Amino acid sequence: MSSPSEIKKGIVVLQNGDPWVVTEFQHINPGKGAAFVRTRIKNLKSGRTLEQTFKMSETIEVVDVEYRNMQYLFHDATGYTFMDSGTYEQFTMSDDNVGAQGQYLSESLEVTLTMYEGQPIAIQLPRKMNFKIVETMPAVKGDTAGGNVTKEAKVDAGFIVHVPIFLKEGEMIVVNTDTGDYVERA
Amino acid sequence: MNLHVLRARAEIIRLMRAWFFNQGFVEMHTPRLVSIPGQEPHLEPFTTEVVEASGAKHPAVLITSPEYAMKRLLAEGMERIYDLGPCYRNNEPWDGTHDPEFLMVEWYRRDADVNDLMDDTENMILSVAREFRVEPEALTRSWRRVTVEEAFREYLDVELSPLLEDRAKLAELAVSLNQTVTDDDSWDDIFFKIFLTHIEPKLGVEQPTFLYKYPASMAALARRSKDDPRYADRVELYIGGLELANGFAELSDPVEQRERFIEERVLRAKLGKQIWPLDERFLSALPAMGNAAGIAFGVDRLVMLLTNSKSINDVVPFSARERFQPEEEKQS
């Protein structure tokens, strides 16, 4: 038995006999109330998602999962394919299972996959990754006056990040892959 | 950390102080270092020790809120006061909206109720935003005031009042909403599992929203509502996914306050947490405080809202993450 304080992205909890992977979580201490963890969990058998809140002092059943280092290979109609760098075994995860993390994957990126009963269920990306800004508006004088200090920038991997207005096309930036936020110049 | 935002932060704080000054509030600088912390079962103060030159030692804590000192000042005869300064809470999640050291403004009025607190809060935010010349999208819509009972009706189509003293029925509702309920869960715990999953995430998303009139058990320092004693006059403000403020029409009955403190202390002990004596000076000051109302307001979060910052780490000079986490684990 475990405590909800151990909840993080990618862990698998057993509820009513079914394995559920935690896809999102947030610790909440509602003012003068008890402490809770609000989660979004996904049933690994049916794919159904639920929002559920656990009290810190209750117990949950965490299922053992295996972590394996893999290299990302390619994306096609079946999803995202990875290869175990040690055994050369290949595994594919569907677009649905990968979700928004897919935008960070580029060929031969080293990631850690969470394996449950032999199948990958979650990806752990490097927490910080470097990307190049390929498209953004130049800074306009006076933009800082109202406190509106970020602008949209498109990076080489194709997604949009909010960055400080002083950054220009061609610059390398560090992005936090947990939040999708700009961290600093690379 | 972002220097543009830090400049904006300084200006926002200056404008807040100006608003309080214009409304006749006097700024109090209450102590950060005190001998007895609050009894809140789920807040963890930082503990330390005060040592006199003679070697005499006194256990001490950093405040989690200036509340006790502010109420004693009301009892001493102050009428409208505010305290704008850092507060400290240990064991907080470092998740983008919390830092163990954060800036809070708390203000109190004698002879006031939650409606006055809601008026003050709305006026203060709108005034600061106007003077700061920004209009975040979240502030362009009209403000809402909904009771907890109305929120249950609106988001779950459930009547809360018949459930107030019926743990079994509340548990049934929770289970029907895919929550787990254990034998250890109190009425409050089950309430929060429902509220935090199905109601709170929706509050303030469309419009700035005050949520008020909480079930009485959820408001240890609040007066019971005049029209329905099963509820208490507590209010929270949500804007754009952020919880910004938590206020009360303050309980001034020392007997009921003592009972609630003892209950909280028992709960602390049950949770295996450190316990401490009741603050007798605070309790004896209560009757002289009158019918006051007070609210605690997260300044860092207002800065986040007005500068369109996603994380508290962007709006403070050196966040806890930057100070305490090893270089390789740091996040923005």
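Provided above is the structure to which this section pertains.
Below is a summary of the structure that appears in this document.

Criteria and thresholds
Residues numbered from 1 in each chain as written. Chains lettered and ligands numbered in written order. Predicted model: local features only at pLDDT ≥ 70, side-chain atom pairs only at ≥ 80, totals over all residues. Helix = DSSP H or I, 4+ residues; strand = E, 2+ residues; numbered from the N terminus. Buried ≥ 20, exposed ≤ 12 C-beta atoms within 10 Å, placed from the backbone. Contact = placed C-beta atoms within 7 Å. Pairing = 2+ DSSP bridges. Axes fitted to C-alpha atoms, helices over the stretch in contact; angles between N-to-C directions. Left-handed = near helix turned anticlockwise from the far one by under 90°. Nonpolar A, V, L, I, M, F, W, Y, C, P; charged D, E, K, R; others polar. Core = buried A, V, L, I, M, F, W, Y, C linked by C-beta atoms within 7 Å. Arc of directions from axis to C-beta.

1. Focus on the overall build of chain A
Within chain A, the regular secondary structure consists of one helix and 15 strands. Along the first, second and third principal axes, the C-alpha atoms of chain A reach 60 × 55 × 25 Å. Counting over 186 residues, chain A shows a buried share of 25%. Excluding contacts between residues fewer than 6 apart, the proportion of contacts in chain A whose partners are at least 24 apart in sequence is 43%.

2. Observations concerning the overall build of chain B
Check the secondary structure of chain B and you find ten helices and eleven strands. Looking at chain B as a whole, 42% of its 332 residues qualify as buried. Restricting the contact set of chain B to residue pairs at least 6 apart, pairs at least 24 apart contribute 69%.

3. Brief notes about the sheet that holds strand E3 (residues 47-51) of chain B
Each strand in a sheet pairs with another by means of backbone hydrogen bonds, the pair being arranged parallel or else antiparallel. Residues and elements named next belong to chain B. Within the open sheet, the three strands sit side by side as E2-E4-E3. Their pairing is antiparallel. Among the strands making up the open sheet, the edge pair consists of strand E2 (33-34) and E3. Two elements, E3 and strand E4 (residues 57-62), share five bridges in a ladder whose sense is antiparallel. Within the sheet, the bridge partner assigned to Thr47 lies in E4 and is Val61.

4. Topic: the packing of helix H1 (residues 3-22) of chain B against helix H9 (residues 299-307) of chain B
In a pair of packed helices, the angle between the axes and the distance between the axes together describe the arrangement. Residue and element names in this part refer to chain B. Between H1 and H9, the shortest axis-to-axis distance is 10 Å and the interhelical angle comes to 120°. Helix-helix and strand crossings are classified by hand; for H1 and H9 the assignment is right-handed. Residues Val5, Ala8, Arg9, Ile12 and Ile13 of H1 form the contact with H9, whose own contacting residues are Val299, Leu302, Val303, Leu306 and Thr307. A per-class count over the contact of H1 with H9 returns eight nonpolar, one polar and one charged.

5. Some points on the sheet that holds strand E15 (residues 182-185) of chain A
Residues and elements named next belong to chain A. Spatially, E13-E12-E11-E14-E15 is the arrangement adopted by the five strands of the open sheet, whose pairing is antiparallel. Two strands lie at the open edges of the sheet, namely strand E13 (160-164) and E15, each paired on one side alone. Between one strand axis and the next, the sheet turns by 50° as a mean value, whatever way the strands run. Here strand E11 (residues 128-136) runs beside strand E14 (residues 172-176); their pairing, made up of five bridges, is antiparallel. Pairing of Lys132 across the sheet is with Met172, part of E14.

6. Here's the deal with the nonpolar core
Core analysis: the biggest nonpolar cluster contains 104 residues, and Phe36(A), Leu211(B), Phe297(B), Leu302(B) and Val303(B) have the highest contact counts within it. Element by element, the count of residues in this core is highest for helix H3 (residues 114-131) of chain B, at seven residues. Excluding anything up to four places from it in sequence, Phe36(A) contacts Ile28(A), Thr53(A), Phe54(A), Lys55(A), Met56(A), Phe192(B) and Leu196(B).

7. Re helix H5 (residues 167-176) of chain B
Residue and element names in this part refer to chain B. Those residues of H5 not exposed but buried are Leu170, Ala171, Leu173 and Ala174. On an axial view of H5, the arc spanned by its buried residues comes to 160°, and they lie on one face. Structural note: H5 exposes Ala168, Lys169, Val175 and Ser176 on the side pointing more than 90 degrees away from its buried face. Elements in contact with the buried residues of H5: helix H6 (187-198). Taken from the residues just after H5, Asn178 is the one with a positive phi, measuring 70°.

Take it as geometry only, folks, not as evidence of what the structure does.
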